[in-house]
Amino acid sequence: VSDSIQSGVYFRSGESAPPAYRLLLLNVVAGATASSVEAAIASIWTMLHNLREGRAQDLSGQPEDRRQDTEGQFSDLGILIAYGRRLFDASAHDPPLTKLDRPTYLSYLDNQSAFPSLRWDARRIPGEADVALQFTAGSVAAVSCGAVEVWKTIQDQRLPLQPIVTLGGFARLDGRGCMDFHDGVSNMDSAVRAMAITAGVPVWMRGGTYMAFLRIRVDLESWRALGRNRQELAVGRDKLTGAAVQAVRETETGELVADPRSFDLDDPEAIAEWRDPPQHADRHLERAHIHRANQSRGSPDAPGSFRMFRQGYEFLDEIGNDGPRLGLHFVSFQRDLRVLQHVMNAPGWLGDSTFGGDAPEDLLSLETGGFYAVPPTGEAFPGQGLFRAS
Ligand code: HEM
């Protein structure tokens, strides 16, 4: 099947996202013209693709065997380019950078209290930019050096772009996150993912997708203090197997406990239900994260289904007196940003709970985030047409 989604979205059958992640946000410098920005991004795009072939800008003339080493280091580098609300902001750009339509739901995250129940962390990091480059690879070296090579190109060629921030993350090979639960269990069959993520509007975005990234800090001490049982009710899954909790029962002491049904792992239907459980009438289960995040449990192509493809990466900044500063770069791709905005704002969804169950509301806080348009492939670089329309 051919599609025009950029290669940094690992949604296709047989693909899985590699474990290293780095996001680099860039702004266009004041006064730059659309055509100079087009040329600048084209330069960076070409440089990065040369790097993947082992041709690094500061290593020209490298002997062939050394070039092969460099190629081995960078050949799996996933490069994705996306554009933020700021690129369309006439008050930030004189002359304007594009005349194409701004996607309706491509909004700033910055100018309000983010979301009703997910509050800003005391430490705010910038997250809005004109351009976002997402690097993914098997090694931290590839994604980190990829970002540094972009900086070199900007310096050497005096490109009209300014790095704003870079954020790095990692994924575990056992599919779990910093809260120890499996993440990405119910990420849809690959066959239906394309429907959930492929954009239709505006015209220049047809066949592309939209990215949301939220850098969410997790208070690990408060999470661990909940204990396994309340954690399972908060997530809605068994901690050890990832199976969806099917029932909640009350113990003699009045405590609620998750009652995971035992599944026959040879029965495909049981496994499907284990991954993607049906809608629940149980009021305790309904409050769990997996149900809040997907209340309708509709098929991904149904208009009201609000499904997204999640490709998150953990982060760890430091371990100090207050414990570890860590969390999740929640990264999702969806056919429209309205999906994410609905999930984060609607009551019963994540609009009235930071996470789910009776997890404390200050368990999570938002350090930064942003919404980005990820145009389809097919031009010299994705989004080239933005700078060309006259
Ligand atoms: C630090 C923050 C977060 C953590 C640690 C976290 C963790 C998890 C875990 C452990 C699961 C269950 C495994 C799975 O079904 O894949 C899950 C599912 C899910 N999460 Fe989160 N999550 C976080 C934030 C968010 C946010 C902000 C959103 C929405 C914008 C979200 C949307 C979802 C969705 C859609 C599912 C799948 C639900 C389903 O269809 O069954 N999560 N998350």
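Everything quoted here is computed from the prediction, not taken from an experiment.

1. With respect to the side chain of H93
Position of H93 among the secondary structure elements: in the loop between β2 (78-84) and β3 (131-137). Reaching out from H93, the side chain makes a polar contact with the side chain of D130 at a distance of 2.8 Å. Setting aside residues no more than four positions away along its own chain, H93 makes contact with V28, R86, L87 and D130.

2. Here we look at the site of the ligand
Among the 26 residues in the neighbourhood of the ligand, the closest are listed as G184, V185, S186, H289 and N294. The backbone of V185 places a nitrogen or oxygen atom 2.7 Å from an oxygen atom of the ligand. Here an oxygen atom of the ligand and a side-chain polar atom of R237 are 2.9 Å apart. Contributions of two or more residues to the shell around the ligand are made by β5 (209-218), α8 (289-292), β10 (323-334) and α9 (337-345). Here the shell around the ligand gets three residues from one element, more than from any other, and that element is α9. Class assignment for the residues of the shell around the ligand results in 16 nonpolar, five polar and five charged.

3. Regarding the coordination of the iron atom of the ligand
You will see that the iron atom of the ligand has only one donor from the protein, H289 (NE2), lying 2.0 Å away. Of note, H289 is situated in helix α8.

4. Quick look at the pairing of β2
Along β2, seven of the seven residues are buried, which leaves the element largely enclosed by surrounding structure. Burial along β2 is two-sided: the residues G78, L80, A82 and G84 and I79, I81 and Y83 are all buried. Note: β2 against β3, six bridges, orientation antiparallel. Residue pairing across strands places I79 opposite F135, the latter belonging to β3. Alignment of β2 against strand β11 (residues 364-374), held across two bridges, turns out to be antiparallel. Within β11, the position partnered with G84 by the bridge is Y372.

5. Some details on the packing of aromatic side chains
Applying the stated rule across the entire model yields eight aromatic pairs. Note on Y83 and F387: the rings are 6.0 Å apart at their centroids and 65 degrees apart in plane angle, and the pair reads as edge-to-face. Taken together, the residues Y83 in strand β2 and F387 in the segment after β11 connect sequence positions 304 residues apart. Y83 gets classed as buried once you look at its relative accessible area, which sits at 0%.

Rules behind the numbers
- Residues numbered from 1 in each chain as written.
- Predicted model: local features only at pLDDT ≥ 70, side-chain atom pairs only at ≥ 80, totals over all residues.
- Heavy atoms only, no water.
- Helix = DSSP H or I, 4+ residues; strand = E, 2+ residues; numbered from the N terminus.
- Polar contact = N/O pair within 3.5 Å; in protein donor to acceptor, adjacent residues only side chain to side chain.
- Contact = heavy atoms within 4.5 Å.
- Near = heavy atom within 4 Å.
- Nonpolar A, V, L, I, M, F, W, Y, C, P; charged D, E, K, R; others polar.
- Donors = N, O, S within 2.8 Å, 3.2 Å for Na, K, Ca; no water.
- Buried < 20%, exposed > 50% of the residue type's maximum accessible area, 1.4 Å probe, protein only.
- Pairing = 2+ DSSP bridges.
- Phe/Tyr/Trp six-rings, centres within 6.5 Å; stacked < 30°, edge-to-face > 60°.

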